[in-house]
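Understanding the architecture of this molecule
Each chain, letter by letter, is given below.
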Amino acid sequence: MHETMTPPVAGREITFAQAVNEALTEEMRRDESIFIMGEDVAEAGTPFKVLSGLVEKFGTERVIDSPISEAGITGIGVGAAITGMRPVIDIMFGDFLTLVMDQLVNQAAKTHYMSGGKLRVPLVVRTTLGATRRSAAQHSQSLQAWVSHVPGLKVVLPSTPYDAKGLLKTAIRDDNPVVFIEDKLMFQDKGVVPQEEYTLEFGKADIKREGEHITLVGTSSMVSVALKASDRLAQIGISAEVVDPRTTSPLDIETLVQSACKTGHAIVIDEGHRAYGVAAEIASVIAEGAFYYLDAPVRRIAAMDVPVPFSPVLEDLTVPTPEAVFSAAKELCGVK
Amino acid sequence: MSTGQISMTANDQQLSLELCLRMLRQMLRIRAFDRRANELYLSAKMPGLTHLYLGEEAIAVGVCEALKKEDYITSTHRGHGHCVAKGARLDLMFAELLGRVPGYCRGKGGSMHIADQEHGNLGANAIVGGGAGIATGAALSSKMLRSGRVTVCFFGEGALGQGILYEVMNMASLWQLPIVYTCENNMYSEYTHYSETTAGSILARAAAFGILGEEVDGQDVRAVYGSAQRLVDRARNGGGPAFLLCHTYRYHGHHVGDVNREYYRSKTEEEEWKTNRDPIALFRAWLLDEKLATDAQFETIQQEVETEAENAVQFALNAPYPDPSEVNQHVYA
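Not measured: the values here are computed from a predicted model.

The next subject is the overall build of chain A. Assigned secondary structure in chain A consists of 11 helices and 14 strands. Rg of the C-alpha trace for chain A: 19 Å, near the compact-globule value of 20 Å for 336 residues, within the 12% margin. For chain A, the spread of C-alpha atoms along the principal axes amounts to about 60 × 45 × 45 Å. For chain A, with 336 residues in total, the buried portion stands at 57%. Look at the contacts in chain A between residues 6 or more apart in sequence, and 79% of them connect residues 24 or more apart.

Looking now at unusual backbone geometry. Residue and element names in this part refer to chain A. Of note, the bond from Ser 249 into Pro 250 is cis; its omega dihedral lies within 30 degrees of zero at 0 degrees. Here Ala 136, not a glycine, exhibits a phi torsion of approximately 70 degrees, which is positive. Within the secondary structure layout, Ala 136 lies in the loop between strand E5 (124-129) and helix H5 (144-148). In this structure Ala 136 comes out as partly exposed when scored by C-beta crowding, with 15 C-beta atoms within 10 Å. Phi angles above zero are rare outside glycine, and Arg 246 is one such case at about 65 degrees. For Arg 246, the position within the fold is in the loop between strand E11 (240-244) and strand E12 (247-249).

When a strand is regular, its side chains alternate between the sheet's two faces. All names here are of chain B. Across the six residues that make up strand E2 (residues 151-156), a large majority, six, are buried. Residues Thr 151, Cys 153 and Phe 155 line one face of E2 and the alternating positions Val 152, Phe 154 and Gly 156 line the opposite face, and both faces are buried. Here strand E1 (residues 72-74) pairs with E2 via three bridges, running parallel. Residue pairing across strands places Tyr 72 opposite Thr 151, the latter belonging to E2.

For the rest of this paragraph, the subject is the pairing of strand E7 (residues 178-183) of chain A. All names here are of chain A. For E7, the tally of buried residues reaches six of six residues, placing the bulk of the element in the interior. Residues Val 178, Phe 180 and Glu 182 of E7 are buried on one face, and the alternating residues Val 179, Ile 181 and Asp 183, pointing to the opposite face, are buried as well. In this structure, E5 lies alongside E7, joined through six bridges in parallel fashion. Residue pairing for E7: Thr 128 is matched across the bridge by Glu 182. Relative to E7, strand E6 (residues 154-156) is paired through three bridges, and the arrangement is parallel. Within E7, the residue paired with Val 156 across the bridge is Phe 180. Following the backbone out of E6, through helix H6 (residues 161-173) and into the adjacent parallel E7, one traces a crossover that is right-handed.

Turning our eyes to something else, we now look at helix H10 (residues 279-289) of chain B. All names here are of chain B. Of all the positions in H10, only Pro 279, Ile 280, Phe 283 and Leu 287 are classed as buried. Each buried residue of H10 sits inside an arc of 95 degrees when the element is viewed along its axis, so together they form one side. Exposed and oriented more than 90 degrees from the buried face of H10 are Ala 285 and Asp 289. Its buried side turned inward, H10 meets helix H1 (17-42), helix H2 (57-64) and helix H8 (221-236).

Once that is clear, we can look at the domain arrangement of chain A. All names here are of chain A. In terms of domains, chain A is made up of domain 1 (15-192) and domain 2 (206-331). Here the C-alpha centroids of domain 1 and domain 2 sit 26 Å apart. Contact with domain 1, which involves 27 residues of that partner, is made by 25 residues of domain 2. Among the secondary structure elements, those contributing two or more residues to the side of domain 1 that touches domain 2 are H5, E6, H6 and E7. The residue inventory of the side of domain 1 that touches domain 2, partitioned by class, reads 15 nonpolar, eight polar and four charged.

All names here are of chain A. If you trace the backbone, Leu 129 turns up in strand E5. Looking at Leu 129, the number of C-beta atoms within 10 Å reads 27, which means it is buried. With 117 residues separating them along the chain, Leu 129 and Arg 12 place their C-alpha atoms 27 Å apart. With sequence-adjacent residues up to four places away left out, Leu 129 is seen in contact with Gly 94, Ser 142, Leu 143, Gln 144, Ile 181, Asp 183, Ser 220 and Glu 271.

What follows covers the sheet that holds strand E3 (residues 63-65) of chain A. Residues and elements named next belong to chain A. Read across the sheet, seven strands follow the order E3-E2-E4-E5-E7-E6-E12 without closing on themselves; strand pairing throughout is mixed. Only two strands of the sheet have a single neighbouring strand rather than two, namely E3 and E12. Within the sheet, the average angular offset between the axes of one strand and its neighbour, ignoring direction, is 20 degrees. One ladder, built from two bridges, connects E6 with E12; its direction is antiparallel. Looking at the pairing, Val 156 lines up with Thr 247 of E12. In this fold H6 packs onto strand E2 (34-38), strand E4 (86-90), E5, E6 and E7, with an angle of close to 160 degrees to the strand it touches most, E7.

Cut-offs and rules
- Residues numbered from 1 in each chain as written.
- Chains lettered and ligands numbered in written order.
- Predicted model: local features only at pLDDT ≥ 70, side-chain atom pairs only at ≥ 80, totals over all residues.
- Helix = DSSP H or I, 4+ residues; strand = E, 2+ residues; numbered from the N terminus.
- Rg over C-alpha atoms; globule rule 2.2 N^0.38 Å.
- Buried ≥ 20, exposed ≤ 12 C-beta atoms within 10 Å, placed from the backbone.
- Contact = placed C-beta atoms within 7 Å.
- Pairing = 2+ DSSP bridges.
- Right-handed = clockwise from strand over helix to strand, strands pointing away.
- Arc of directions from axis to C-beta.
- Domains from an automatic or database assignment.
- Nonpolar A, V, L, I, M, F, W, Y, C, P; charged D, E, K, R; others polar.
- Axes fitted to C-alpha atoms, helices over the stretch in contact; angles between N-to-C directions.

Now the structure itself:
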């Protein structure tokens, strides 16, 4: 019973963190096989306080503080998922995905296929992305491309509290391993989230703003970068359509291509590195599908291909900005 | 080799004749299976390579006979023995080795990935130590669901080099999970003697986490069974995890293509194990000594097993390959 209508524009507002917390609370009440495991997830509620209050509701048997063993807890998650549980594993920083890659890529993603469809891995790995927190190179990466590259994994990149709640509930109910990536800088962002039950289908892009002249595809917090750019573009007469794929695997190719066919221009904005990245894949999909409708090459705006630097002066140079999107859009549309 | 005391505490009085004959049959089935797997490779009928369990049969059989059908195991790249011992059918296993559709994984897994959910086999794993997380997760499930199931995590001594093993042993001990980590030390991690890659004491690794460790002659199925039975029962009754170290030997190479082995081990050493330490010959001699079985009985079982294995190979050779349309099925559930 997926919600298909457009997100509500008025009503109760909660933060992104509260939306994640609500999704987990509702799902854990609904299904006793769901448990959370991770570093500082119980009384601490994670360093980001996203899980605050859950241990009081569900106890330490279902909200389990683990050792600092990312590979171990993900592996345990895979085994528990195969044998009847629905684990939600908390990997504090997306950078630590590097530590769990064998469990995700060689185990979780391949188990269903290698077993000829007999074994299932209903596992959710919640983790984070995003730079500009002045956290330097090992706590700032956006590694969604790494996991999106792997057949067997699903990858979710919510950009609003509404999407986060609906998509997380879907992730938990999915019988496949799902990597659910939240931008650390969005946790306190507010948005309208209805009280009523809803879920959001994977593989359905959301058009955050309709437009005519150029398509701006954004993932995660890059949706707000795209929206800010489109505000400025509107002032000079360029109407931008902002499309949020919401999941990179599965990817809603149809909506992306349709939008680019309509506008004739496209920029893809993602906070992962530019080379071999999510922006590259989406740009390629649009180029293949909308080639004869495009008036200019598809552009990528992504994180600079350098390790994320610490110094704010340097770090700010590495991430996509509304200004960069604005300039690129102007140029693509032939406006001086 | 720092072996300490070999546990020989199997209580033979408790080994029923039925169990003994079943263990004998199961060891013979593994041997018959893997000999034919080797022949299939040598005659170019099997795609790829495979890793033979020949010589190590007593471990899989001794351990799995201590388990219930619903108990879980995770297995390794050298996993045919575990699979057979946990209850799998030879014909469906051969079909998997040959990439045929009736195989346990519809031909999508092959030798290194056979899973047999019906018998609690959560799958062989081609990443060394790859089953450690899965096994420990299965044990966590058992504890959370109060299912009473025990998990055995099989791995070779090569997996002692993998960090995740120690991560999950730590958690298994913290949370007192019902799991028996079963280390099959066949002395060679691929082409390297384990003493070149393994510092300190193996059992001390378990002790460091507060996990009960035992050491057993892996060529003695009665000893393996005795230790496994005790550790499995203990785990089932809430006694927590254990670590069973089994000393054994791999008769063949790392895989079927590893035929010239003199550069890492001598033929004399191989002959010594095959001649004097063979788990089936040792068990057979004991059964005869104890007058629990006769040569005639042994020959009958042997013949039945050979017939079963031969029929299983023929079944697999005649089985269809998957339809090309299956290639992108089962990527997602």
